[in-house]
Amino acid sequence: SAAWGVTSPDQLRWLDPPEAAGIDQAADLLTQLGAIDQTGRITARGRRMVGLGLHPRLSSMLLKGKETGRLAMACLMAGLLSERDILIFDDHLADPNIELRLEVLEALIQGNPLPKGWFDVRRGLAGRIIQTAAQYEKKLSGDTIDRQKSRLELDSAGRVLAFGYPDRIARQRGTRENTFLAASGKGVCL
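Draft legend 1. Region of the structure containing the side chain of Thr 179. Along the polypeptide, Thr 179 turns up in strand S4 (residues 179–182). Take Thr 179: its relative accessible area is 12%, and that puts it in the buried class. Not counting residues within four places of it along the chain, the set of residues in contact with Thr 179 comprises Arg 171, Gln 172, Arg 173, Val 188 and Cys 189.

Draft legend 2. Region of the structure containing helix H5 (residues 98–110). With 13 residues, H5 extends 18 Å between its outermost C-alpha atoms, agreeing within 8% with the 18 Å of an ideal straight helix rising 1.5 Å per residue. Of all the 13 residues making up H5, 10 are buried; the element is thus mostly covered by neighbouring parts of the structure. If you check which residues of H5 are buried, you get Ile 98, Leu 100, Arg 101, Leu 102, Val 104, Leu 105, Glu 106, Ala 107, Ile 109 and Gln 110. Contacts from the buried residues of H5 go to helix H4 (71–81), strand S1 (87–88), strand S2 (120–121), helix H6 (123–141) and helix H7 (157–164). With a side-chain oxygen positioned 2.7 Å from the backbone nitrogen of Glu 99, the residue opening H5 is Asn 97.

Draft legend 3. Just the pattern of salt bridges, in detail. Going through the model one piece at a time under the given rule, you end up with three salt bridges. A salt bridge links Arg 45 to Glu 67; its shortest N-O distance comes to 2.7 Å. Taken together, the residues Arg 45 in helix H2 (residues 44–52) and Glu 67 in helix H3 (residues 56–67) connect sequence positions 22 residues apart. Here Arg 57 and Asp 167 are joined by a salt bridge, their closest N and O atoms 2.9 Å apart.

Draft legend 4. View of the nonpolar core. In this structure, Met 61, Leu 62, Met 77, Ile 86 and Leu 87 are the most contacted members of the largest nonpolar core, which totals 38 residues. Looking at this core, the elements with two or more residues in it are helix H1 (20–33), H2, H3, H4, H5, H6 and H7. Considering each element in turn, this core owes the most residues, eight residues, to H4. Each residue touching Leu 87, except ones within four places of it in the same chain, is listed here: Leu 100, Arg 101, Val 104, Phe 119, Asp 120, Val 121 and Arg 122.

Draft legend 5. Fine view of the sheet that holds S4. Spatial ordering of the open sheet is given by S3-S4-S5, a layout of three strands whose pairing is antiparallel. Bordering the open sheet on either side are strand S3 (170–172) and strand S5 (187–189), each of which pairs with just one other strand. Within the sheet, the average angular offset between the axes of one strand and its neighbour, ignoring direction, is 35°.

Criteria and thresholds
Each residue is numbered by its place in its chain's sequence as written, counting from 1. The model is predicted, so local features are restricted to residues of pLDDT at least 70 and side-chain atom pairs to those at 80 or more, both for listing and for counting; the totals for chains, interfaces and linings are taken over all residues. Side-chain metrics rest on all non-hydrogen atoms present in the structure, leaving aside hydrogens and water. Numbering goes from the N terminus for both helices and strands, where a helix is a DSSP run of H or I of at least four residues and a strand is a run of E of at least two. Type-normalised accessible area, obtained with a 1.4 Å probe on protein chains alone, sets the label of each residue: buried when under 20%, exposed when over 50%, and partly exposed for intermediate values. Contact definition: two residues touch when any of their heavy atoms are within 4.5 Å. Take the number of residues in a helix, subtract one, and multiply by 1.5 Å to get its expected span. Whenever two N or O atoms come within 3.5 Å, that pair is a polar contact, provided that in protein one can donate a hydrogen and the other can accept it, and provided that, for residues adjacent in sequence, both atoms are side-chain atoms. What counts as a salt bridge is simple: a side-chain nitrogen of Lys or Arg found within 4 Å of a carboxyl oxygen of Asp or Glu. Among the buried residues, those of types Ala, Val, Leu, Ile, Met, Phe, Trp, Tyr and Cys that are joined through side-chain atoms within 4.5 Å form a nonpolar core. DSSP bridges decide pairing: two strands pair if at least two such bridges lie between them. All axes are obtained by fitting lines to C-alpha atoms, using only the stretch in contact for helices, and the reported angles, taken between N-to-C directions, cover 0 to 180 degrees.

Written out as structure tokens, the structure reads:
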């Protein structure tokens, strides 16, 4: 609604108005992403995010990726997060590691052998993600980037994810490996 010049969703006519808590949560996220200011007005960054036509999290990830020199990683990550999983596992062996998926995509881009593991790859889907990432890259850079010469920095995957999910960052709590303090201030146990 901020993109239309509306600073509060109360100013819109709704068939079924959304819950106030949901509106507050959305406004908090958009503020964290830099899309709106504290008064609810759209920012210049917010206008660029709207122009990308993606979910605000993904738009933020792409813009911040470009600003920090991690555009290739951000584009692949946005493509991955927009689709279903490219890996097929036996149910009991599923691996949530996003770096593994990025390694698979990087191997396909570079024409290298795939990493070894107990999984199969949905190659058609992986190809579509690579094409989508290239489209994002071209749109944001104004030019095509030679992916054969541009290797991903896989150790920056977490940082790039944080560009779109700043509210989901957590710090380990004490010495227990599975307890964390989330950015929201809530305790989390995995």
